[in-house]
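The lines below spell out each chain.
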Amino acid sequence: MGIKVVRRPKLSFTERIYLGPIVKGLRLTIGHFFGTLTDVVLRRKQHERKTATTMQYPEERWDFKDNFRGAPVLVSDQFDRMKCVACQICEFVCPPKAITIWPSEFDESADDVEKGVEKYPERFEIDMLRCIYCGYCEESCPEEAIFLLQEAELVGRTKEEFVFDREKLLAMGGVREDRALKWHNK
Amino acid sequence: MSGNGNVTLTIDGTEVTVPKGTNLIEAARRLGTHVPHYCYHPALSVVGNCRICLVEVEGMPKLQIACNTEARDGMVMRTRNERVEKGREGVMEFLLINHPLDCTICDQAGECKLQDYAFHHGAGVSRFEDEKVHKPKNVSWGDRVVFDSERCILCTLCVRFLDEVAGTDEVSIDARGDQVTLIVKADGKLTSPYQMNIIDLCPVGALTSRDFRFKSRLWFMQFADTICTSCARGCNTTVGVRDERVLRMVPRHNADVNGDWMCDHGRLHFAIANDDERLSVPRVDGRGVPYAVAAQRAADLLREAGDSAAAVASPFMTNEELHVLKLICDAAGIEKRLFLNPVGPGDELLVHSEKSPNARGAALLGFEAVDQDCEGVQEIDVLLYVTPREGIALPETVEARAKRRIVFAFHEREADVLFPLTTWIEKDGTVVSAGDRVQRLVKGFSRFGSLLTERAALEMVLQALEAGFEPAATPAQAFERVAAALAPFEGLTFTGVGAHGAPLGRQEVPA
Amino acid sequence: MIWDVLGKLLHAFLVVGLVLPLMAALMVWAERRVSAFMQDRLGPNRVGPAGLLQPIADVLKFIFKEDVIPGHVNRVMYVLAPLMVFVPALIVFSVVPYARGMAIAPLNIGILLVFAVSSLGVYGITIGGWASNSKYSLYGGVRASAQMISYELALSLSVIPIFLVTGSMNLESVVAWQAQNVWLLLPLFPAFIIFLVSSYAETNRLPFDCPEAETELVAGYHTEYSSMKFAIFFMAEYINMITFSALVVTLFFGGYTLPFLELPAGLWGTVLSGCIFAAKVSFFLFLFLWVRWTLPRFRYDQLMDLGWKVMLPACLVLIVCTAGVRAFIWPG
């Protein structure tokens, strides 16, 4: 392997005074300037803008696709009954171990459906700081009791605030219809 | 042709010779071939009612059940081909027709043969579209066993165990057709002291333990193959542990000790391991101190006292711990070496009348069994006292005969030097069980992070007494020291003792 | 007499103490928004309408920041340096006629004062870089002194043809000459180019901001500065930009006048002239930003080559030519 000498190209006079490229550059930037200025002056919405790409965050939000994976939450069925039966499969598959469940057994005061289910999560906690939103919990849940919301904006001041308990998760999750109602037919 | 009461047959193209009378499941097991089965158990009579163990035998037009077919000379059997798989798939489909989708709440999930075989032999889908049959669920069979009739596949293992092994014959099949179920004959409650073995036997989740119910899924637990220390039998067990908690204890097969069973008392006897109130640091005059400080103080007391000290050991200690205690006695010149030996009623099956695991080891190491009056111990200066786990304890009046006390105990108490006691699941070591059999304890976890075993604590005391002493680096090394010091241990190694124990040598064992 | 003095002081205070800093603050806002627009962003648009109050927020932040003086600096020089840059920047503006008859100090030697005082600014930068006792600051300071001295030559020489043409160093007269004849841009286009390029170098603006050169020197001469002291450096740069824009307008673009427009007499004429001046200055300020967000920085050796090998000879040739024209072809 010999030494290869790369010679600088000899510049012509017009190239050496740079004027052409400078003008070209100035034209480019001023084009963008007026493009954005027009966007701003006309108060265009994000998807209508020609050049300005910045999202005005609190007013404008992301348009998530349907398969977006946000915060995992618990859901209730149409009879306002917690679907989770504390099988702990989500706790098992959770890669960062964000889910912790303390299972318990319904006592004598439970109604007929609850007695059929027998088992429920006495405490159900998801540490949203550990959660990586992989969706394995939703995928593995045999009771369709845990779902990922399209919610990406979780705010808090302390680590403890990010450990969401059962009540908070249920409140966030709302209702999803249970069509099988297998525990009702016990 | 093979003589001597043996027969030779061909299984999946491989010849194997087995004793006459062996069934095909056991014959296949010799080749390492697993024939699926629910109702068959080697220790119980064969009924052949689950039908999953179908195999093909040449010359027989239909598939045969391997459990109830005796091996014959020249028999040619196949455990896996398309026909067999189709047969098993059909059996699985029948078993699953009325089986509820309870896996999410079923404690058996993870060790359920129905799950395993559905995975390996099942079709994966159900063609059954009608309402499943509903039967009683969550039925209490007393305060230890919970029965779920929907999950039951009527293999009758529980019926046969209680009849043939426990001898109480308490459960039978009731009703007919799709309403068939199991019932407890008398007043609906089981009474056998061995009743919880039917929970282990049950191949599905029909029988679950009231104690373990919903505590943890199987896959969260870690397991330690150790032994039970409730009596001198030393039943081999597998202890399930999660987060420094003992969650359950189940028997482990050992043909020489406990077969496949253990008593309910031993099985449920682990509360002390989960006790949060236990002592977590050594104390000197009531103040928490590091182990080294407590060991130094104990050594000082023992050295001053010399012959006017007495050592009272516990038969719950391992051979290794007792050996170090013996060395301490030698070093400090303690002549009174005693141990408290709890006894109680036994039975013919497994429960032994010695209510501790290692009274034999203590005797071998030169400690004298005494009752709690301790006549031999009168006015002494120092008492070195390792409290037994339960069953017997020195009365205060006896303890009061000593001016100073060095005590190993689970809980806070009056003593000059107080060391925390550890439970059987927190240490490695060996004991001498009934029948002079050396068996190993295997550590499942250590509590409170910094808790030392009695061996380590005693070794620190011995180090403070004798500058030259080096603590054993590993459990194996500690065992080697015991084996070297005791003639009956000759020829035994730590690995040789292994998971199933080994009998002591021929030497005479003092009673 | 006393009222005369007080009036002049008030005038000076209003322009130098109020209008210029306000303009500088506005320029900071403009720079951020213009740069954002050129890069398809939006820039600061939250504080006040269109983000116009952003400079106030910035200033408040600077004021309330902890005033850190690093332990390794020469304290006296370190504190003085920002002021040594800031004060000359303010003074230079005083000779500029920013509206008809309005200049704080309408001196006969106006342009000389400009060069005399603006040269002092380099001391502040060099001393700031030296007093910081940090290698980046020192490099920045050394670069600044060399660069500014080099381009001062071209800058001053490029103005000489103007005086050859107009025959006066009084800026008011230069404006008047242009109003009567023609914007000096036309006859002296090469001088305009040289003056413009040199003024970019003098104000340390891209493409000649080698003394700051954040990719090479962290922040150049003000690396070690923070809070208000940094803000003063910052303000000085923007005031310099305003001053030099004003000078370009005055020298080459007819100052506050427009061709073919007779300014009405009285107050309205003065206000109108001020507006014309402001509009012209605004364009050149925008040019400063425009160029900054378009062109990359020159390498330092390229910068020196340009100054000594191109600008300086070009100026000399231009002076000789202009003098020749004045002497032989078109004697005034």
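Predicted, not measured: the structure shown is a model, and the values here were computed from it.

About the criteria used
Residues numbered from 1 in each chain as written. Chains lettered and ligands numbered in written order. Predicted model: local features only at pLDDT ≥ 70, side-chain atom pairs only at ≥ 80, totals over all residues. Heavy atoms only, no water. Pairing = 2+ DSSP bridges. Helix = DSSP H or I, 4+ residues; strand = E, 2+ residues; numbered from the N terminus. Contact = heavy atoms within 4.5 Å. Axes fitted to C-alpha atoms, helices over the stretch in contact; angles between N-to-C directions. Phe/Tyr/Trp six-rings, centres within 6.5 Å; stacked < 30°, edge-to-face > 60°. Buried < 20%, exposed > 50% of the residue type's maximum accessible area, 1.4 Å probe, protein only. Lys NZ or Arg CZ within 6 Å of the ring centre and 35° of its normal. Parallel < 35°, antiparallel > 145°, perpendicular 65-115°, else oblique. Left-handed = near helix turned anticlockwise from the far one by under 90°. Nonpolar A, V, L, I, M, F, W, Y, C, P; charged D, E, K, R; others polar. Buried area = accessible area lost by both parts, 1.4 Å probe. Salt bridge = Lys/Arg side-chain N within 4 Å of Asp/Glu carboxyl O. Polar contact = N/O pair within 3.5 Å; in protein donor to acceptor, adjacent residues only side chain to side chain. Patch = residues over 30% accessible without salt bridge, like charges linked within 9 Å, V, L, I, M, F, W, Y side chains within 5 Å. Areas by Shrake-Rupley, 256 points an atom, 1.4 Å probe, with all protein chains shown as cover. 1 Å grid on protein atoms, 1.4 Å probe; cavity = no way out; pocket = protein on both sides within 12 Å on 5 of 7 lines; lining within 4 Å. Points joined across faces, edges and corners; volume = space filled by probe spheres on them.

A. The sheet that holds strand S20 (residues 402-409) of chain B, seen in detail. Residue and element names in this part refer to chain B. A sheet is described by the order of its strands in space; here 8 strands give the open sequence S15-S14-S21-S20-S19-S16-S17-S18, paired in mixed fashion. Because the sheet does not close on itself, it has two edges, and the strands there are strand S15 (287-288) and strand S18 (368-370). Both S20 and strand S21 (residues 417-420) contribute to a ladder of 4 bridges, which runs parallel. Across the sheet, residue phenylalanine 408 finds its bridge partner in S21, namely phenylalanine 419. Sheet strands in contact with helix H7 (residues 291-305) are strand S14 (283-284), strand S16 (309-313), strand S19 (380-386), S20 and S21, and its direction is about 130° off that of S21.

B. Representation of the packing of aromatic side chains. A complete count under the given rule lists 36 aromatic pairs over all chains for this structure. Seen in terms of ring centroids, Phe192(C) and Phe253(C) are 5.3 Å apart; in terms of plane orientation they differ by 70°. Their pairing is edge-to-face. Taken together, the residues Phe192(C) in helix H7 (residues 189-202) and Phe253(C) in the loop between helix H9 (227-252) and helix H10 (267-292) connect sequence positions 61 residues apart. Exposure remark for Phe253(C): the relative accessible area of 14% places this residue in the buried category. Members of the aromatic cluster, each reached through a chain of ring pairs, are Trp183(C), Phe189(C), Phe192(C), Phe195(C), Phe252(C), Phe253(C), Phe283(C) and Phe284(C). The ring centre of Trp102(A) lies 3.9 Å from the NZ or CZ of Arg123(A), which sits over that ring. The residue whose ring lies beneath Arg440(B) is Phe494(B), and the NZ or CZ to ring-centre distance is 4.0 Å.

C. Summary view of the arrangement of the chains. The protein chains that touch form 2 pairs of chains, and the pair with the most contacts between them is chains A and B. In this structure chain B stays clear of chain C, and the shortest span between their C-alpha atoms is 47 Å.

D. The pairing of S21(B), seen in detail. All names here are of chain B. Because side chains alternate across S21, one face comprises the buried residues Val417 and Phe419, and the other comprises Leu418 and Pro420, equally buried. Of the strand pairs in this sheet, S14 and S21 are connected by 2 bridges, and their pairing is antiparallel. By the bridge assignment, arginine 283 is partnered in S21 with leucine 418.

E. Molecular detail of the packing of helix H8 (residues 319-332) of chain B against helix H11 (residues 454-465) of chain B. Residues and elements named next belong to chain B. In contact at an axis separation of 9 Å, H8 and H11 are set at 20° when each is read in the N-to-C sense. When the axis of H8 is compared with that of H11, the two are roughly parallel. H8 and H11 meet at a crossing whose hand is left-handed. Contacts between H8 and H11 involve Glu320, Glu321, Val324, Leu325, Leu327, Ile328, Ala331 and Ala332 on the former and, on the latter, Glu454, Arg455, Leu458, Glu459, Val461, Leu462 and Leu465. Tallied by class, the residues present in the contact of H8 with H11 amount to 10 nonpolar, no polar and 5 charged.

F. Geometry of the interface of chain A and chain B. Taken together, the contacts link 20 residues of chain A with 20 residues of chain B. Between chain A and chain B, a total of about 1600 Å² is buried, with carbon and sulfur atoms accounting for 55% of that surface. Applying the counting criterion to the chain A and chain B interface returns 3 salt bridges. Arg213(B) is the salt-bridge partner of Glu105(A), the closest N and O atoms lying 2.9 Å from each other. Linking chain A with chain B are 6 residue pairs in polar contact (both at pLDDT 80 or more), by the criterion used here. When contributions to the side of chain A that touches chain B are tallied by element, the ones reaching two or more residues are helix H3 (89-93), strand S2 (99-105) and helix H4 (112-117) of chain A. For the side of chain A that touches chain B, a count of residues per class yields 9 nonpolar, 4 polar and 7 charged.

G. Representation of unusual backbone geometry within the structure. You will see that Glu118(A), though not glycine, has its phi angle at about 70°, which is positive. For Glu118(A), the position within the fold is in the loop between H4 and strand S3 (119-127). Unlike most non-glycine residues, Arg51(B) shows phi in positive territory, near 70°.

H. Spatial organisation of the interface of chain C and chain A. Each partner contributes to the interface: chain C provides 15 residues, whereas chain A provides 19 residues. Between chain C and chain A lies a buried interface of about 1600 Å² when both sides are counted; carbon and sulfur atoms form 67% of it. On the chain C side of the interface with chain A, the three residues burying the most area are Phe37(C), Asp40(C) and Leu42(C), jointly 40% of the side's total. Viewed at the interface, chain A and chain C are joined by 1 salt bridge. For the interface between chain C and chain A, the tally reads 9 residue pairs in polar contact (both at pLDDT 80 or more). The set of elements that each furnish at least two residues to the side of chain C that touches chain A consists of helix H1 (2-38) and H10 of chain C.

I. Fine view of the packing of H7(C) against helix H11 (residues 300-329) of chain C. Residue and element names in this part refer to chain C. The interhelical angle for the contact between H7 and H11, taken along N-to-C directions, is 145°, at an axis separation of 10 Å. For H7 against H11, the interelement crossing comes out left-handed. The segment H7 lies against H11, with Pro190, Ala191, Ile194 and Val197 engaging Leu306, Met311, Ala314, Cys315 and Leu318. Looking at side-chain class alone, the contact of H7 with H11 contains 9 nonpolar, no polar and no charged residues.

J. Structural context of a nonpolar patch on the surface. Residue and element names in this part refer to chain C. Together, Val76, Met77, Leu80, Leu83, Val87, Ile91, Trp130, Leu138 and Val142 line one region of the surface with nonpolar side chains, adding up to about 760 Å² of accessible area. Secondary structure elements with two or more residues in the nonpolar patch: helix H3 (75-92) and helix H5 (135-166). A total of 6 residues in the nonpolar patch trace back to one element, the largest contributor, which is H3. Note that isoleucine 91 resides in helix H3. We classify isoleucine 91 as partly exposed; its relative accessible area is 37%.

K. Representation of empty space enclosed by the protein. All names here are of chain C. Overall, the coordinates contain 8 cavities of 30 Å³ or more when judged by the stated rule. When its volume is computed, the largest cavity comes out at roughly 160 Å³. For the largest cavity, the lining is made up of 18 residues, of which Val85, Ile125, Met148, Glu202 and Asn240 are closest to its centre. Broken down by secondary-structure element, the contributors of at least two residues to the lining of the largest cavity are H3, helix H4 (110-131) and H9.

L. Expanded view of the pattern of salt bridges. Considering all chains together, one arrives at 57 salt bridges over all chains under this definition. Between Glu143(A) and Lys182(A) there is a salt bridge whose closest N-O contact spans 3.2 Å. Here Lys182(A) lies in the segment after helix H6 (166-173) and Glu143(A) lies in the loop between helix H5 (136-140) and strand S4 (146-148), a separation of 39 residues in the sequence. A residue is classified by how much of its surface remains accessible, and Lys182(A), at 26% relative accessible area, is partly exposed. Sharing partners across several salt bridges, the network here consists of Asp102(B), Lys137(B), Asp148(B), Glu150(B) and Arg151(B).

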